[in-house]
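Structural characterization, general
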Amino acid sequence: MNTRSHYDVAIIGAGMSGLAAGIRLAHFGKKVCIFERHNAVGGLNSFYSIAGRKFDVGLHAMTNFVRPGVKGTPLTKLLRQLRIERDEFALCEQKQSRIAFGPRGETSLRFTNDFAVLEAEVAARFPAQIDGFRALTAAVRSYDDVSLDAQPISAREVVRRHLADPLLEDMLFCPLMYYGSATERDMEFGQFVIMFKALFLEGFARPFEGVRLVLRVLLEKYRAAGGERRMKCGVKQIVTREGRATALVLDSGEEITADHVISSIGAPETERLCRAGFTPDRSGLNPDLQVGRLSFVETITILNRQPAALGWGSDTIIFFNDAERFDYARPAGRVDPRSGVICLPNNFDFGPGRELSEGVFRVTCLANYDPWAALPEEAYRAEKARVFAEVQRSARRFLPAVDDATLADATLTTDMFTPRTITKFTGHFGGAIYGAPVKHRQGRTALSNLYLCGTDQGFLGIVGAMLSGISMANYHILQRG
């Protein structure tokens with residue numbers, strides 16, 4: 001039994017960023033322990049089982065994919081710093097993805113892991129905007145998106161210096177926002193650059209086994225480096241004195257101490273641990289503690305055939321919108337089905353004769369936490385069924401037509417998660433997938449030895465989350481000895 005009560009570094013949360021920070025620190029001989037309240041690692045990118053069938057959570061695709069030999073990218077940096085061989089992640093590229101706007105996707109832009117495809121699509125559909133698009137791309141390429149000292153600026157403001165067509169503007173923002181923005185209707189330009197590079201200049205890939213393979217590799221690296229991990233062992237309080245975190249009180253009542261503490265659970269969630277009686281601020285009066293407003297529902301349909309057998313074999317991921325303007329904001333009701341993301345995990349290039357054993361059809365839409373949280377259990381289940389049908393009806397408009405009877409015959413089982421589910425299993429206030437709108441690029445808090453990594457530090461995506469953990473470990477602990 002582990003009886004150690006003092007560590008060089010204690011990490012709160014076993015998500016991607018916490019695991020990566022732990023690996024990096026353990027490689028350099030630090031005595032490190034990760035404390036996780038739940039019984040599974042991965043946080044916002046994990047999996048669960050129902051009746052023996054495993055469902056991925058979070059991972060539609062790993063962004064930032066580059067092919068072997070490409071240097072100086074987030075993926076290659078991640079692999080080097082965590083001492084992971086590229087083949088261990090066994091990444092398979094997307095076939096193609098699409099941004100589809102209009103009642104049935106009448107205006108669309110295809111993109112693949114070859115940026116030239118998107119550039120050609122913009123030239124064909126928005127010929128008057130192609131020069132501006134190329135200038136915007138040049139600005140993105142030259143921007144230092146990993147600087148920890150960058151000053152925030154509106155991405156809409158920068159984009160409008162180059163593009164005059166609001167439709168093209170919205171079509172570019174739609175996938176970038178859905179895959180990483182905690183801000184309504186706009187993004188900080190540094191965040192826009194991170195996502196533009198991750199999705200368009202680099203690309204999508206997925207291990208054949210999904211997120212489970214990524215987590216297995218991270219856990220093996222962490223164990224091999226000598227890191228410790230305590231599962232079903234959450235932190236309920238950070239004891240503070242004279243501007244430092246002096247102890248962690250665990251759910252069991254046990255106290256442990258550490259020279260440094262890294263929290264991957266979010267800024268307001270971490271602040272709550274430091275303050276007795278702390279209430280998260282939804283009013284915006286304290287912006288540094290403001291809780292994120294953006295959450296999601298996701299429907300998952302398991303099929304008895306490949307999506308290609310239904311005519312859905314062309315696209316890997318589809319970002320859709322049928323409103324006049326793309327409105328990335330907290331909906332007034334429980335869900336906004338006007339826009340969303342369709343993910344067909346079968347449509348990655350797994351190689352000749354290799355395919356997932358079952359078809360998977362996932363749809364994600366914006367949701368409002370508060371009305372979901374207020375529902376009694378029976379009404380909650382009924383509302384899930386109603387919203388499931390509404391979301392699927394909306395998404396199917398952007399796919400080749402399949403009648404209800406055929407889809408019902410192909411369906412083996414379904415599931416759905418809501419903002420309420422997200423909060424229950426991650427602890428994120430308000431079901432906020434991407435955390436608070438205010439990011440802490442340097443990972444600093446009011447306590448000199450308590451640092452943030454992950455969602456509220458500001459690096460985005462699965463690769464970004466791991467780089468966040470690595471960067472904070474390097475910056476605050478390893479580089480300072």
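Figured I'd write up the structure that's included with this text. Sequence order as written defines residue numbering, which begins from 1 separately in each chain. It should be noted that, the model being predicted, local features are given only for residues of pLDDT at least 70 and side-chain atom pairs only at 80 or more, the latter also being counted only at that level, while totals for whole chains, interfaces and linings use all residues. To obtain the side-chain values, all non-hydrogen atoms of the structure were included, while hydrogens and water were left out.

1. Examining the sheet that holds strand 15 (residues 335-343)
- Following DSSP output, two strands are said to pair if at least two bridges run between them. Under the scheme used here, helices are H or I runs from DSSP no shorter than 4 residues and strands are E runs no shorter than 2 residues, and both carry numbers assigned from the N terminus. Taken in spatial order, the seven strands of this open sheet run 7-6-14-15-16-13-17, and their pairing is mixed. The strands lining the two open edges of the sheet, one partner per strand, are strand 7 (107-111) and strand 17 (411-417). On average, each strand axis in the sheet is tilted by 20° relative to the strand beside it, whichever way the strands run. Note on definitions: angles span 0 to 180 degrees between N-to-C directions of axes, and those axes are lines fitted to C-alpha atoms, for helices only across the stretch in contact.

2. Considerations on the side chain of Arg-206
- Position of Arg-206 relative to the elements: it lies in strand 8 (residues 205-207).
- Burial classification: accessible surface area is computed with a 1.4 Å probe over protein chains only, and a residue below 20% of its type maximum counts as buried, one above 50% as exposed, and the rest as partly exposed. Of the residues examined, Arg-206 reaches a relative accessible area of 8% and is grouped as buried.
- Here the side chain of Arg-206 touches Phe-208 through a polar contact of 2.9 Å, landing on its backbone oxygen.
- The contact criterion used is simple: two residues touch if any of their non-hydrogen atoms lie within 4.5 Å. Arg-206 has contacts with Asp-56, His-60, Ala-90, Leu-91, Cys-92, Pro-345, Phe-348, Phe-350 and Leu-356, leaving out every residue within four places of it along the chain. Between N or O atoms, a polar contact is any pair within 3.5 Å; within protein, one atom must be a potential hydrogen donor and the other a potential acceptor, and residues adjacent in sequence are included only when both atoms are from side chains.

3. Quick word on the packing of aromatic side chains
- For this analysis, a ring pair means two rings from Phe, Tyr or Trp (six-membered ring only for Trp) whose centres lie within 6.5 Å, classed as stacked if their planes differ by under 30 degrees, edge-to-face if by over 60, and tilted for the remaining angles. According to the stated counting rule, one finds 26 aromatic pairs in the structure shown.
- Ring centres of Tyr-179 and Phe-319 lie 5.1 Å apart, and the angle between their planes is 75°; this geometry places the pair in the edge-to-face category. In this pair, Tyr-179 sits in the loop between helix 7 (166-178) and helix 8 (189-202) while Phe-319 sits in strand 14 (residues 317-321), placing the two residues 140 residues apart along the sequence.
- By relative accessible area, which is 0% here, Phe-319 ends up buried.
- Residues Phe-326 and Tyr-328 carry aromatic rings whose centres are separated by 6.1 Å and whose planes lie at 40° to one another, so their mutual orientation is tilted.
- Under the relative-accessibility criterion, Phe-326 is labelled buried at 6%.
- What links up through ring pairs into an aromatic cluster is the set Phe-111, Phe-115, Phe-133, Tyr-143, Phe-173, Tyr-179, Phe-189, Phe-192, Phe-196, Phe-200, Phe-204 and Phe-319.
- Two conditions define a charge located above a ring, namely a distance within 6 Å from the ring centre to NZ of Lys or CZ of Arg, and an angle within 35 degrees of the ring normal. Just above the ring of Phe-173 sits the side chain of Arg-156; from NZ or CZ to the centre is 4.2 Å.
- Over the face of the ring belonging to Phe-47 we find Arg-212, whose NZ or CZ atom lies 5.9 Å from the ring centre.

4. Quick look at the pattern of salt bridges
- The working definition used for a salt bridge is a side-chain nitrogen of Lys or Arg within 4 Å of a carboxyl oxygen of Asp or Glu. Scanning all chains against the criterion turns up 34 salt bridges.
- A salt bridge links Arg-206 to Asp-56; the nearest nitrogen and oxygen atoms lie 3.5 Å apart. Remark: Asp-56 occurs in strand 4 (residues 53-56) and Arg-206 occurs in strand 8; sequence separation between them is 150 residues. By the burial criterion, Arg-206 is buried, and Asp-56 matches it.
- As a salt-bridge pair, Arg-325 and Asp-170 come within 2.5 Å of each other at their nearest N and O atoms.

5. Regarding the nonpolar core
- By nonpolar core is meant a set of buried Ala, Val, Leu, Ile, Met, Phe, Trp, Tyr and Cys residues that side-chain atoms within 4.5 Å join together. Core analysis: the largest hydrophobic core is formed by 102 residues, its most contacted members being Tyr-178, Phe-192, Phe-200, Phe-319 and Met-466.
- When residues of this core are assigned to their parent elements, the largest contribution, 10 residues, is made by helix 8.
- Beyond its immediate chain neighbours, meaning those up to four positions away, Phe-319 contacts Arg-98, Ile-99, Ala-100, Phe-111, Cys-174, Pro-175, Tyr-178, Tyr-179, Leu-199, Phe-204, Gly-340 and Val-341.
- In this structure, Leu-344, Ala-367, Tyr-380 and Leu-399 belong to the second largest nonpolar core, which totals 27 residues.

6. Describing helix 10 (residues 267-274)
- The buried fraction of helix 10 amounts to six of the eight residues, a majority that puts the element mostly inside the structure.
- Against the buried residues of helix 10 lie strand 1 (6-12), strand 10 (235-241), strand 12 (255-263) and strand 18 (450-452).

7. Thoughts on the environment of Asp-456
- Positionally, Asp-456 belongs in the loop between strand 18 and helix 15 (461-478).
- Those residues in contact with Asp-456 that sit more than four places away from it in its chain are Gly-266, Ala-267, Pro-268, Glu-269, Tyr-434, Gly-435, Ala-436, Val-438, Lys-439 and His-440.
- Separated by 2.7 Å, the side chain of Asp-456 and the backbone nitrogen of Ala-267 make a polar contact.
- A polar contact is formed between the side chain of Asp-456 and the side chain of Lys-439, at a distance of 3.1 Å.

8. Considering the pairing of strand 6 (residues 97-101)
- Across the five residues of strand 6, five count as buried, placing the element largely inside the fold.
- Side chains Ser-97, Ile-99 and Phe-101 of strand 6 all project onto a buried face; the interleaved residues Arg-98 and Ala-100 project onto the opposite face, where all are buried too.
- Where strand 6 lies against strand 7, five bridges are found, and the strand directions are antiparallel. Across the sheet, Ile-99 pairs through a bridge with Leu-109, a residue of strand 7.

9. Points about the packing of helix 1 (residues 16-27) against helix 15
- Put simply, helix 1 and helix 15 touch, their axes get as near as 7 Å, and they point 40° apart. If you check the angle between helix 1 and helix 15, you find them oblique. Here helix 1 runs over helix 15; the crossing is right-handed. Residues Met-16, Ser-17, Ala-20, Ala-21, Arg-24 and Leu-25 of helix 1 pack against Ile-462, Ala-465, Met-466, Gly-469, Ile-470, Ala-473, Asn-474, Ile-477 and Leu-478 of helix 15.
- Considering only residue class, the contact of helix 1 with helix 15 consists of 11 nonpolar, three polar and one charged. Roughly parallel covers angles under 35 degrees, roughly antiparallel covers those over 145, roughly perpendicular covers 65 to 115, and oblique covers all other angles. By convention the crossing between two helices is left-handed if the near helix lies anticlockwise of the far one by an angle smaller than a right angle, and right-handed if it lies clockwise. Ten residue types, Ala, Val, Leu, Ile, Met, Phe, Trp, Tyr, Cys and Pro, are classed as nonpolar, four, Asp, Glu, Lys and Arg, as charged, and the remainder, Gly among them, as polar.

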